[in-house]
Amino acid sequence: MSSGIPRFQPWEDVNVRSICHDKQQLSIPARPARKADRAIAQDLLDTLKAHQDSCVGMAANMIGMPVSIIAVNENGKFVIMYDPHIIRFALPYETQESCLSVAGTHSCIRYDLIEVEYRDFRFIKKKKKFSGLAAQIIQHEIDHLHGILI
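Applying the stated criterion across every chain, the model contains 2 aromatic pairs. Ring plane angle 50° and centroid distance 4.4 Å describe the contact between Phe 89 and Tyr 111, whose orientation is recorded as tilted. Separated by 22 residues along the polypeptide, Phe 89 in strand E3 (residues 77–98) and Tyr 111 in strand E4 (residues 105–119) bring together distant segments of the chain. Overall, Tyr 111 belongs to the partly exposed group, its relative accessible area being 25%.

Here it is in structure tokens:
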């Protein structure tokens, strides 16, 4: 059974990065991801796992790397997405969100149903539908990739 995420990383290989709070740096749109960015994706995943008690998703620019990669905790399953983009969306709603990089809670509009194209951890093209909290997390993180802060 493979989710595209390495099964086990020895503790020595774990690289938890600091969370970026610099709004100017966070506002820089991310560049497209490359296969060579796998180490950034792994650091992002390690950092999300280290903060999983208070965080359900991260974009690479949140660890100081303006690269189009997000990591999402989808009900205990950690997913990496290279170059994610929403191709369909439906059912808008207003919600409140918070972020490790930005202080406070902020109102925003999200969509309950989305379809996303992306490349997985092995850089294989995928297309998947998401709903509910997973959809909201992905929208928040894709906003980060575009330099949009809540």
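So, about helix H2 (residues 38–50). Taking 1.5 Å per residue, 13 residues should reach 18 Å; H2 reaches 18 Å between its end C-alpha atoms and fits that length. Among the residues of H2, Ile 40, Ala 41, Gln 42, Asp 43, Leu 44, Leu 45, Asp 46, Thr 47 and Leu 48 are the ones counted as buried. Turning to H2, the residues buried within the fold contact strand E1 (57–59), strand E2 (69–74) and E3.

What follows concerns the side chain of Asn 61. By secondary structure assignment, the location of Asn 61 is in the loop between E1 and E2. According to the relative accessible area criterion, Asn 61 is buried, its value standing at 1%. There is a polar contact of 2.7 Å between the side chain of Asn 61 and the backbone oxygen of His 144. In contact with Asn 61, not counting residues within four places along its chain, are Cys 20, Leu 26, Ile 28, Pro 66, His 144 and Leu 145.

The 5 strands lie next to each other as E1-E2-E3-E4-E5, forming an open sheet whose pairing is antiparallel. Two strands bound the open sheet, and with one partner strand each, they are E1 and strand E5 (125–131). Strand-to-strand twist in this sheet, taken as the mean axis angle between neighbours without regard to direction, amounts to 35°. Note that E4 and E5 share 7 bridges and pair antiparallel. Across the sheet, Tyr 118 pairs through a bridge with Lys 126, a residue of E5. Each of E1, E2 and E3 is contacted by H2, which is oriented at about 35° to E2, the strand it contacts most. Along the sheet face, helix H3 (residues 132–145) touches E1, E2, E3, E4 and E5 and points at about 105° away from the line of E3.

For the structure on display, the rule yields 9 salt bridges. With a shortest N-O distance of 3.7 Å, Asp 120 and Lys 126 are connected by a salt bridge.

What follows deals with the confidence of the model for the protein. Detailed reading of the predicted coordinates is not advisable wherever pLDDT falls low. Confidence in the prediction for the protein averages 91 pLDDT; 91% of positions are at 70 or higher. For residues 1–11, every residue scores under 50 in pLDDT, and the model assigns this stretch 14 contacts once sequence neighbours within four places are set aside.

What follows concerns the pairing of E3. Summarising the sheet, E2 and E3 pair through 6 bridges and their orientation is antiparallel. Note on E3: the bridge partner recorded for Ala 71 is Ile 80. Counted between consecutive antiparallel strands, the loop separating E2 from E3 contains 2 residues, among which Asn 75 sits at a positive phi close to 55°. Sheet topology note: the E3/E4 ladder contains 13 bridges and is antiparallel. Its bridge partner being in E4, Pro 92 is matched across the sheet by Tyr 111. The loop that links E3 with its antiparallel partner E4 comprises 6 residues; one of these, Gly 104, has a positive phi angle of about 90°.

Parameters and conventions
- Residues numbered from 1 in each chain as written.
- Predicted model: local features only at pLDDT ≥ 70, side-chain atom pairs only at ≥ 80, totals over all residues.
- Heavy atoms only, no water.
- Phe/Tyr/Trp six-rings, centres within 6.5 Å; stacked < 30°, edge-to-face > 60°.
- Helix = DSSP H or I, 4+ residues; strand = E, 2+ residues; numbered from the N terminus.
- Buried < 20%, exposed > 50% of the residue type's maximum accessible area, 1.4 Å probe, protein only.
- Expected span 1.5 Å × (residues − 1).
- Contact = heavy atoms within 4.5 Å.
- Polar contact = N/O pair within 3.5 Å; in protein donor to acceptor, adjacent residues only side chain to side chain.
- Pairing = 2+ DSSP bridges.
- Axes fitted to C-alpha atoms, helices over the stretch in contact; angles between N-to-C directions.
- Salt bridge = Lys/Arg side-chain N within 4 Å of Asp/Glu carboxyl O.
- pLDDT = per-residue confidence, 0-100.

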